Each structure stands twice: as C-alpha cells, then as structure tokens.
Amino acid sequence: MLRSLATVVLAVLAALPHASAQTDAAGSQDYPGISRMPGYYISNYQDTPFDTHTFAVLAGHAKQDKPVEGRKIEFRYDLKDGAAMPSELQIVRNYQNAAKAAGGEVLFDSAELTTLRLAKAAREAWIELRTSNRPSGMFFTMVLIEKQPMQQDVTINASTMAEGLRDTGRIALYGIAFDTGKSDIKPESEPALAEIAKLLQANAALRLYIVGHTDITADLALNMKLSQARAQSVVIALTAKHGIAAARLSPFGAGPYAPVASNATEEGRAKNRRVELVEIPAR
C-alpha cells in the first residue's frame, strides 16, 4: 500500500513543471534571433509544420482578430528556482523593445498580452506574448507563427473534376491560390492548373466557365472586379502555359454572390474564396 502510494506521489511530482530539473524541454530551442529573459527555461515546446493562430491587433482604437497561417511554434518559459523574478511589464517591454530594434513593430499592447511582427528578408514572424509572472505562477508563454503558405499535398485530380461536372455540372477548387486583394496566381497553384488542363485534354468537346468567387469583405464593386480578374488569370494560365484553346474557356466573376458558407467566420470566408469550373452546355 505504501509502495503504491509513493509511486502515485512520484508520478504527480514528475508532472509538475517545477519538479523537473529545470532544463529546457527535449528538442526545444529559442527561435533564431529572439533570446529569452534571464533565469528562464523552456518547460513546454511544440513545433507544428503548418497551423493557424489568431492574433490580437489594434485597428484604429479597436481590437481586432487577425488569423495568420504558417509554421507554429509554442513556448512556455518558467522561472528557475532562486532566479530574480522580473515584473510582467518588464518582460513585455523587453520583447517589444527587442522587436522594434530589429525593425519589427508592436501591433497590440495590453497588461498581459502583446502582439509583435518581425520581418526579415522573406521571413515574416508573428508573436503573441502572454505573461503570468506572479508568485502563483511565474511563467510566460509565446506563440509564434512563421508566416508561409501551406504545401498543398492533396489536390482534386482530373477524374474527380470530371465526376463532379458529370454529377452536378460544377466543381469548386481550392488549390488555386491568390494573395489577398490580387489576381496573380501563386506558384503553388500549378498542380491544380495541370489537372484542369488534363481534364480538358481528355475531353475535346468540353467547354468551361471559369468562375471566380470572393468572400463578402471589402467593397462589392472591388470584389466583383477582383473575382473577374482572378477568373481571367486562370484562363490565361491554361491557354498560355498549357495550350488550351481560349474558345473553350469563358471567365466570369461572381464576387460574393454565391457563398457556400457563412461569411461571419474566417473558416467560412476561406471556403467562399474559390474558383469553380462550370460546364458550358453543348451547342
């Protein structure tokens, strides 16, 4: 009985952050160019190749949420036993000043939360710092997103497109990407474009409307113009790069008029931003 009780006590102690050897968690390291506060160690660390995090930013005088996607690294820094404890403000100001000295900016600043953005060469990093540096819990956490597009591992292939057109006369594509507010097709869209070309090459009689869709943010006239320009960019890519006859393709911009999800959430808005293929009936 005593032995089993001792085993339980040891297991509980082993799970407590301050019961550890107070060394950095296995495999963890500070993000390059961002040092830690003196006297702290990394008690928890998680590095995810691609994820999202919503950051607080200040727009005018109002707090807004800004979702950012990319490599996600999460840190928890605990204070070592016997180390001098800085104030929460001291921690926040240290990181803010370091960010500004490196050419970054402070996007949000409150008592226990700050949002920072660093841009160096082609790398852009967003940082959320939360403090809890008080006797009841002497630690601070950091969530860092190294902004980057996702590597598209799954695409809709030509046979899936053909099946969708046969069943419903249309199919939505999410593998064609554009920067916000722009109509230039991003390089990672090439696999999806190649599959559209393959679909058209396999069926010489097939003609398609290329339909651009946007979410409901921004001005209606701007969204209509943007959706038309994006559809036209897809047509140009298919004709110029893949040899598809222009007469088989007709671009159309639907703007925000045909949503497939609620525009009240970022997830819904992402679903509404799409390119669709719609079969043109045979004459």
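The model shown is predicted, which means the values in this text are computed figures rather than measured ones. (Residues numbered from 1 in each chain as written. Predicted model: local features only at pLDDT ≥ 70, side-chain atom pairs only at ≥ 80, totals over all residues. Heavy atoms only, no water.)

Undergrad: How would you explain the environment of glycine 137 if you had to name every residue and give the values?
TA: By the element assignment, glycine 137 lies in strand E6 (residues 137-147). When the C-alpha atoms of glycine 137 and aspartate 78 are compared, they prove to be 8.5 Å apart, with 59 residues separating the residues in sequence. (Helix = DSSP H or I, 4+ residues; strand = E, 2+ residues; numbered from the N terminus.)

Undergrad: Run through the sheet that holds strand E7 (residues 170-173), naming residues and quoting values.
TA: Judged by pairing direction, the sheet is mixed, and its four strands sit side by side in the order E7-E10-E8-E9 without closing on themselves. With partners counted over all chains shown, the strands left at the sheet margins are E7 and strand E9 (249-255), one partner each. Averaged over all adjacent pairs, the angle separating strand axes in this sheet is 25°, with direction ignored. Summarising the sheet, E7 and strand E10 (residues 274-279) pair through four bridges and their orientation is antiparallel. Opposite isoleucine 171, over in E10, you have leucine 277 as the bridge partner. Across the sheet, helix H5 (residues 220-240) lies against strand E8 (208-213), E9 and E10, angled at about 155° from E9, the strand it touches most. (Pairing = 2+ DSSP bridges. Axes fitted to C-alpha atoms, helices over the stretch in contact; angles between N-to-C directions. Contact = heavy atoms within 4.5 Å.)

Undergrad: Please set out the pattern of salt bridges residue by residue, giving values where relevant.
TA: Under the definition given, this model contains 16 salt bridges. Two residues, glutamate 276 and arginine 170, come together in a salt bridge whose shortest N-O distance is 2.4 Å. Of this pair, glutamate 276 sits in strand E10 while arginine 170 is found in strand E7, placing the two residues 106 residues apart along the sequence. Overall, glutamate 276 belongs to the buried group, its relative accessible area being 5%. With relative accessibility at 35%, the residue arginine 170 sits in the partly exposed group. Of the charged contacts in the structure, one is a salt bridge between glutamate 195 and lysine 198, with a shortest N-O distance of 3.3 Å. With glutamate 195 and lysine 198 both in helix H4 (residues 190-202) and three residues apart, this pair spans about one turn of that helix. Using a relative accessible area of 45% as the deciding quantity, one classes lysine 198 as partly exposed. Through salt bridges with shared partners, one network takes in Asp47, Arg71, Arg123 and Glu146. (Salt bridge = Lys/Arg side-chain N within 4 Å of Asp/Glu carboxyl O. Buried < 20%, exposed > 50% of the residue type's maximum accessible area, 1.4 Å probe, protein only.)

Undergrad: Quick rundown of the environment of serine 189? Include the residues and the values.
TA: Along the chain, the position of serine 189 falls in the loop between E7 and H4. Taking the C-alpha atoms as reference points, serine 189 and phenylalanine 178, separated by 11 residues in sequence, lie 8.7 Å from one another. The contacts of serine 189, once residues within four sequence positions are left out, are Gly175, Ile176 and Ala177. Among the polar contacts listed, one links the side chain of serine 189 to the backbone nitrogen of alanine 177, at a separation of 2.7 Å. (Polar contact = N/O pair within 3.5 Å; in protein donor to acceptor, adjacent residues only side chain to side chain.)

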